[in-house]
Amino acid sequence: MIVRSHYIELLKTYRDVSLVKILAGIRRCGKSTILEMLQADLIKSGVAADHIVSMCYTSEDFDDGMTDKDMYNGIKEKMTDSGRYYLLLDEVQEITGWEKAVNSLLENANTDIYVTGSNSRLMAGEISTYLTGRYISIPVFTLSFSEYMEFKKSDGRTSRELLNEYIRMGGFPIVALGNFDEGAAYQIVEGIYNSVITSDITRRHNITNFALFNRIVKYVVENVGKTFSANAIVKFLKSEGRSLSVESVYNYLEWLEKAFVIYRCQRYDLQGKSVLKTQEKFYLADASMKYCMMGFNQKSVAAMLENIIYFELRRKGYEVYIGKNETKEIDFVAVRRDERIYVQACRNLPEESDREVANLLELKDHYPKYVVTLDELAAGNINGVKIIYLADFLLRDEY
């Protein structure tokens with residue numbers, strides 16, 4: 001098992017803190033494996049194996065009729081003394097009212113609780129009052145480039161070769177662990193996508209016009225890295241002879257977001273210092289999701305470069321926005337506590353660099369500014385703006 005140390009170290013900081021640790025992300029991004037790693041780490045640190053209760057609620061051992069009371073009683077049966085128990089509960093959202101059971105276990109037993117899930121029932125807006133203020137949410141993403149290299153370190157390939165593969169293949173662990181060609185890798189990712197759409201969206205929300213829903217998904221995929229609105233989608237559908245309300249489009253986007261298929265990136269007005277509610281961008285949970293639907297195309301790499309940078313910033317704990325500076329756009333404004341960095345994504349230098357650097361130089365503050373590029377030989381510094389190769393940017397611990 002290849003340890004994803006970032007998550008294990010993060011979970012260690014919250015160990016024995018009286019909060020439910022919720023790991024949430026798209027299906028097959030590695031949440032269950034992180035729980036296995038956590039179990040191994042607990043045992044290594046001296047926790048007795050019989051004081052670790054590990055339950056998976058997608059198992060065939062559990063049917064749809066399980067209640068929160070059944071869940072509570074099933075776990076309590078495994079707690080045979082007054083000692084501290086570590087509860088590792090996988091895909092809890094399959095149990096209606098799981099929050100009630102987990103809250104009771106937090107309040108009425110000597111427990112440290114970790115749960116995972118793959119849909120909106122694990123998001124702040126849908127967690128009931130039972131857990132309000134009593135949990136910490138930890139987003140789980142597909143593999144970072146650093147993790148991908150760890151998965152592939154026995155291959156003997158250069159970081160450049162692995163970066164090119166990472167851009168094309170994405171970061172789902174099941175793909176990284178194998179030795180698949182593009183066709184096979186995209187088939188696997190398509191299967192993951194279809195299971196998400198079926199289990200977490202169409203079935204839950206009773207979508208009847210699946211073809212129309214699929215067209216909206218395709219529109220979002222085609223426009224990764226571009227600002228657009230629900231109105232723009234409605235107009236586009238109208239041009240194709242289809243009809244859908246703005247409200248329905250908002251619902252579809254929200255359901256995709258709550259299943260962790262897409263992530264919303266809002267615009268931030270650098271002059272007015274406020275978050276804007278229009279013309280957002282959406283990024284895919286993994287770049288391979290675009291290619292499995294539309295095939296790999298060199299022309300799409302620029303947009304997916306943004307996709308990769310967005311998630312690297314999120315992994316490092318930044319809140320990420322699109323920057324609006326009067327009429328100019330900054331690809332990313334990343335904020336973490338009192339830190340801030342600005343990032344422009346630029347596939348090719350030097351032909352694109354002048355505009356990207358100029359936009360950053362207009363910002364009259366002293367926060368770090370980067371142009372991230374696929375041009376390995378372009379590294380340098382232009383009036384304080386750092387030009388950095390994508391692999392080097394992704395592998396940095398700090399900016």
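What this report covers is the structure whose coordinates are included nearby. All values reported here derive from a predicted model rather than from experimental measurement.

1. Looking at the pattern of salt bridges
Here's step 1: Tallying each qualifying case throughout the model produces 31 salt bridges.
Here's step 2: Here Arg 160 ties to Glu 376 by a salt bridge, and the two come within 3.1 Å at their closest N and O atoms. Here Glu 376 lies in the loop between strand 11 (369–373) and strand 12 (380–382) and Arg 160 lies in helix 6 (residues 159–169), a separation of 216 residues in the sequence.
Here's step 3: According to the relative accessible area criterion, Arg 160 is partly exposed, its value standing at 46%.
Here's step 4: One salt bridge in this structure joins Glu 280 and Arg 264, with 2.9 Å as the shortest N-O distance. Of this pair, Glu 280 sits in strand 7 (residues 274–284) while Arg 264 sits in strand 6 (residues 262–269), placing them 16 residues apart in sequence.
Here's step 5: The class of Glu 280 is buried, set by a relative accessible area of 11%.

2. Brief notes about the nonpolar core
Here's step 1: Of all hydrophobic cores here, the largest spans 124 residues; its most connected members are Met 71, Leu 89 and Leu 313.
Here's step 2: With residues near it in sequence (within four places) discarded, Leu 313 still touches Tyr 318, Val 320, Phe 332, Ala 334, Ile 341, Val 343, Phe 393 and Tyr 399.
Here's step 3: Formed by 14 residues, the second largest nonpolar core is a distinct cluster that contains Ile 330, Val 357, Val 371 and Val 385.

3. Focus: helix 2 (residues 31–44)
Here's step 1: Taking 1.5 Å of rise per residue, 14 residues should cover 20 Å, and helix 2 covers 20 Å from first to last C-alpha, within 8% of that figure.
Here's step 2: For helix 2, the set of buried residues is Lys 31, Ile 34, Leu 35, Met 37, Leu 38, Asp 41 and Leu 42. All buried residues of helix 2 fall inside an arc of 160° around its axis, so they share one side.
Here's step 3: Looking at the buried residues of helix 2, the elements they touch are helix 1 (5–13), strand 1 (20–24), strand 2 (52–56), strand 3 (85–90) and strand 4 (111–117).

4. Focus: helix 6
Here's step 1: Every buried residue belonging to helix 6 is among Leu 162, Leu 163, Glu 165, Tyr 166, Ile 167 and Met 169, and all of these are buried.
Here's step 2: Where helix 6 terminates, the next one or two residues include Gly 170, which has phi positive at roughly 80°.

5. Some details on the sheet that holds strand 10 (residues 339–346)
Here's step 1: Taken together, the 8 strands give an open sheet; going across it, the order is 7-6-8-9-10-11-13-12, and neighbouring strands pair in mixed fashion. Across the chains shown, the open sheet's two edge strands, defined by having one partner strand only, are strand 7 and strand 12. Strand after strand, the sheet turns through a mean of 35° between neighbouring axes, direction not considered.
Here's step 2: The pairing of strand 12 with strand 13 (residues 385–389) spans 3 bridges and is antiparallel. Bridge assignment links Gly 380 to a residue of strand 13, and that residue is Ile 387.

6. Some details on the packing of aromatic side chains
Here's step 1: If you walk through the whole model with that rule in mind, you get 24 aromatic pairs.
Here's step 2: A ring pair is formed by Tyr 342 and Tyr 367, whose centres lie 6.5 Å apart and whose planes are at 70°; its orientation type is edge-to-face. Of this pair, Tyr 342 sits in strand 10 while Tyr 367 is found in the loop between helix 14 (353–361) and strand 11, placing the two residues 25 residues apart along the sequence.
Here's step 3: Relative to Phe 393, the ring of Tyr 370 lies with its centre 5.8 Å away and its plane at 70°, an arrangement referred to as edge-to-face. On the criterion of sequence distance, the pair formed by Tyr 370 in strand 11 and Phe 393 in helix 15 (residues 390–395) is long-range, its members being 23 residues apart. The residues Tyr 370 and Phe 393 share a single accessibility class, namely buried.
Here's step 4: Through a chain of ring-to-ring contacts, the aromatic side chains of Phe 141, Phe 260, Tyr 263, Tyr 283, Tyr 310, Phe 311 and Phe 332 assemble into a single cluster.

Cut-offs and rules
Residues numbered from 1 in each chain as written. Predicted model: local features only at pLDDT ≥ 70, side-chain atom pairs only at ≥ 80, totals over all residues. Heavy atoms only, no water. Salt bridge = Lys/Arg side-chain N within 4 Å of Asp/Glu carboxyl O. Helix = DSSP H or I, 4+ residues; strand = E, 2+ residues; numbered from the N terminus. Buried < 20%, exposed > 50% of the residue type's maximum accessible area, 1.4 Å probe, protein only. Core = buried A, V, L, I, M, F, W, Y, C linked by side-chain atoms within 4.5 Å. Contact = heavy atoms within 4.5 Å. Expected span 1.5 Å × (residues − 1). Arc of directions from axis to C-beta. Pairing = 2+ DSSP bridges. Axes fitted to C-alpha atoms, helices over the stretch in contact; angles between N-to-C directions. Phe/Tyr/Trp six-rings, centres within 6.5 Å; stacked < 30°, edge-to-face > 60°.

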